[in-house]
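Below, each chain spelled out in residue letters.
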Amino acid sequence: MNDALFAAPRPDALAARDLSVLWHPCTQMHDHETLPMVPVLRGEGAWLVGADGKRYLDAVSSWWTNLFGHAEPRIGAALKDQLDRLEHVIFAGFTHPPAVELAEELVRITPPGLERVFLADNGSAAIEVALKMSFHYWLNRGHGEKTRFIALTGSYHGETLGALSVSDVALYRTTYAPLLLTPELAPSPDTYEGEPGETPREVATRRLGDMRALLERHAHETCAVIVEPLVQCAGGMRMYDASYLTGLRALCDEFHVHFIADEIAVGFGRTGTLFACEQAGVSPDFMCLSKGLTGGFLPLSAVVTTDDVYQAFYAEYAAGKAFLHSHSYTGNPLACRAATATLQIFRDDPVLERNRELAAHLARRIAPLADHPHVGDVRQTGMIAAVELVADKATRAPFPATDRRGLRVYRHGLAHGALLRPLGNIVYFMPPYVITPQEIDFMVDTAIAGIETAVA
C-alpha cells in the first residue's frame, strides 16, 4: 500500500486524484466542476475533520448510519480484537461467535415473534431477501398465485432492482422502470398530505380505508405489504401516525398477506423507541435492519422473521424448499462484531432517554421555522426532523426542482462547518446520538442561515 495514502495530502490534490478515477453515488459528477469535493481524513464524535483541518458537524450521520459518533472507541476496540481472531469465513456450513451473539441479541430486542435472523450486507440486500422470502414462503405453502407486493406512495426501499421495484420516488425509479416489477401503490398516510383540519390519526384512519380497498381487490395475488414505519425517509422525511401500523397489522392478518417493516433507516433509536414498530405495539412478519446496526462502522444488514416463515422452508433436501440466497460476505465476523458492540452500548448507556432530551431540544430550536414565509411544514419524529421549503406558504406550492434550493443550503453548510444534505427542498436533521445541545444549536443556526440564503 502506498504510504502516501496515510499521510496528510493537500486537499486539492486528493480531490483531483479522486475525480480522475472515482464515480460517486447519487451525484451528478459534473457538479464537481464548481462544487469542490471534500476530502476527509478522520472523524471525532459528531464531527468530520477535513484534510485541510476544517471541521464539519455531521448533521446527517453520514447517510443515517452513524449512531454513537465517528471513531467510537468501544466499537473500534471490538473490531481491533476481532481482527486478530477471524476476518471472514464462508457462512454456509460454518458459523462463529459474533454472528451467533448478534442473532441472539436481535431476537431478544426486536418485537415478539421475530425469532430467526438472516444476514446480508446492506439495506437493499435485506429488502431483496424479505421480498424473495415472502414470495417463496407462499410458494412453499402452495400459493404460487401470490407474486405481487403492495407499497406506499412516496416509499423508498433501496436501489437494487427488487428494492427499487417497491419504491415510489420518481428520481430513482423512472429511469429503470422498464426493468422493474410493478407493485400496487396504496396512498401514504403522510400527515403533510392530509386534508385541512385532519389530525395525523384521522389521516391514518382514512388511508387504512384505502389499503383495505386495495387488499380486497388484490390480496389473493399479494405476497406482502412493505412500509417504512413512521417515517418515509428518502421520499422526503414524510411522517405519519403510529395507528396506521396498528391498523395495517390487522389488515395483513385479515387478508393473509405478510407485513414487511423496513426499519433500515428508522431502527435503533431514531424515532424515540428502539424500533419504530414498538410505538404501534406491532410485530411485522419481516423486519429489515441495516445502517445503524454497526454504528456506522461496516456494511451489514439483517432480516428478522418468524418461526412460521422459517418452518415453511425446513424440509428434506429433495423437497426443493430451501431458501437459495447468498452473499459472499454473509455473516462477516468483523461486521457482526461491530454490531454486537453497537448493541452493547444500548445496554450500557441510557441512549433512548438521552435521545428524548436531545429531540426535545431540537424541537424547541426548529419550532420558530414554522412561521417562516417559505416553510410549508416543520415535522419531527424522535431524532429525525425536517423543514419543508416552499415557494408559496399559503398553497404549499414547491420551488421548481431545477432551482436546486436544497443545494444552496448544502453549500452554505459546508462553507460554515456543517454537513447538511437536503432531500430536494427538504432540509432535514438526523445527527449522531452523541451530539450535544450546543452542537444542535450550531446545526440549526447554520441551517436557518442556509435557508435564508436558499430562498432569497
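Here's what I pulled together on the structure shown here.

How each quantity is defined
- Starting afresh in each chain, residues are numbered from 1 along the sequence in its written order.
- Owing to the predicted nature of the model, reporting of local features is limited to residues with pLDDT of at least 70; listing and counting of side-chain atom pairs is limited to 80 or more, with chain, interface and lining totals taken over all residues.
- Heavy atoms throughout the structure, all of them, feed into the side-chain values; hydrogens and water do not.
- Numbering goes from the N terminus for both helices and strands, where a helix is a DSSP run of H or I of at least four residues and a strand is a run of E of at least two.
- Whether two residues touch is decided by their heavy atoms; if any such pair falls within 4.5 Å, the residues are in contact.
- What makes two strands pair is DSSP finding at least two bridges between them.
- Angular values range over 0 to 180 degrees, each being the angle between N-to-C directions of two axes fitted as lines to C-alpha atoms, with helices fitted over their stretch in contact.
- Salt bridges are defined as contacts in which a side-chain nitrogen from Lys or Arg sits within 4 Å of a carboxyl oxygen from Asp or Glu.
- In this scheme, a residue with accessible area under 20% of its type's maximum is buried, one over 50% is exposed, and one in between is partly exposed, where area comes from a 1.4 Å probe on protein chains only.
- The span you would expect from a helix comes to 1.5 Å times its residue count less one.
- When we speak of the arc, we mean the arc of directions from the helix axis to the C-beta atoms.

## Digging into the environment of T153
Here is step 1 of the chain: Topologically, T153 is positioned in the loop between β5 (148-152) and α6 (161-165).
Here is step 2 of the chain: Taking the C-alpha atoms as reference, T153 lies 28 Å from A454; in sequence the two are 301 residues apart.
Here is step 3 of the chain: When neighbours within four sequence positions are excluded, T153 is seen to be in contact with D168, L185, A186, P187, S188 and Q232.

## With respect to the sheet that holds strand β12 (residues 301-306)
Here is step 1 of the chain: Strand order across the open sheet formed by seven strands is β4-β12-β11-β10-β7-β5-β6, with mixed pairing between neighbours. Looking along the sheet, the strands with just one partner apiece sit at the ends: β4 (114-120) and β6 (184-186). Here the average twist between neighbouring strands, direction ignored, is 20°.
Here is step 2 of the chain: The pairing of strand β11 (residues 286-289) with β12 spans four bridges and is classified as antiparallel. Of the residues in β12, the one forming a bridge with L289 is A302.

## Some details on the pattern of salt bridges
Here is step 1 of the chain: Throughout the structure, instances matching the rule amount to 27 salt bridges.
Here is step 2 of the chain: Put simply, R108 and E105 hold a salt bridge, and the shortest N to O gap is 2.7 Å. Residue R108 and its partner E105 are located together in helix α4 (residues 97-109), separated by three residues, close to a single helical turn.
Here is step 3 of the chain: Judged by its relative accessible area of 12%, E105 is buried.
Here is step 4 of the chain: Residue R365 pairs with D441 through a salt bridge whose shortest N-O separation is 3.0 Å. Taken as a pair, R365 in helix α12 (residues 351-366) and D441 in helix α14 (residues 437-455) lie far apart in primary sequence, 76 residues in all.
Here is step 5 of the chain: Since its relative accessible area comes to 22%, R365 is described here as partly exposed.

## Here's the deal with the sheet that holds strand β2 (residues 47-50)
Here is step 1 of the chain: Pairing is mixed across the open sheet formed by four strands, whose spatial order is β1-β2-β3-β15. Two strands in the sheet have a free side with no partner beyond their single neighbour: β1 (40-44) and β15 (418-419).
Here is step 2 of the chain: In the sheet, strand β3 (residues 55-58) pairs with β15 via two bridges, with the strands oriented parallel. Bridging across to β15, L57 finds its partner in A418.

## Overview of α12
Think of an α-helix as 3.6 residues a turn; residues three or four steps apart then line up on the same face.
Here is step 1 of the chain: Relative to the 22 Å expected for 16 residues at 1.5 Å per residue, α12 spans 22 Å between its end C-alpha atoms, a close match to the ideal helical length.
Here is step 2 of the chain: Every buried residue of α12 is accounted for by V351, N355, L358, A359, H361, L362 and I366. Projected down its long axis, α12 shows its buried positions confined to an angular sector of 165°, all on one face. Seen from the open side of α12, the exposed residues pointing more than 90 degrees away from its buried face are E357 and R364.
Here is step 3 of the chain: Each element contacted by the buried residues of α12 is listed here: α11 (333-348), β13 (375-381), β14 (384-389), β16 (426-429) and α14.

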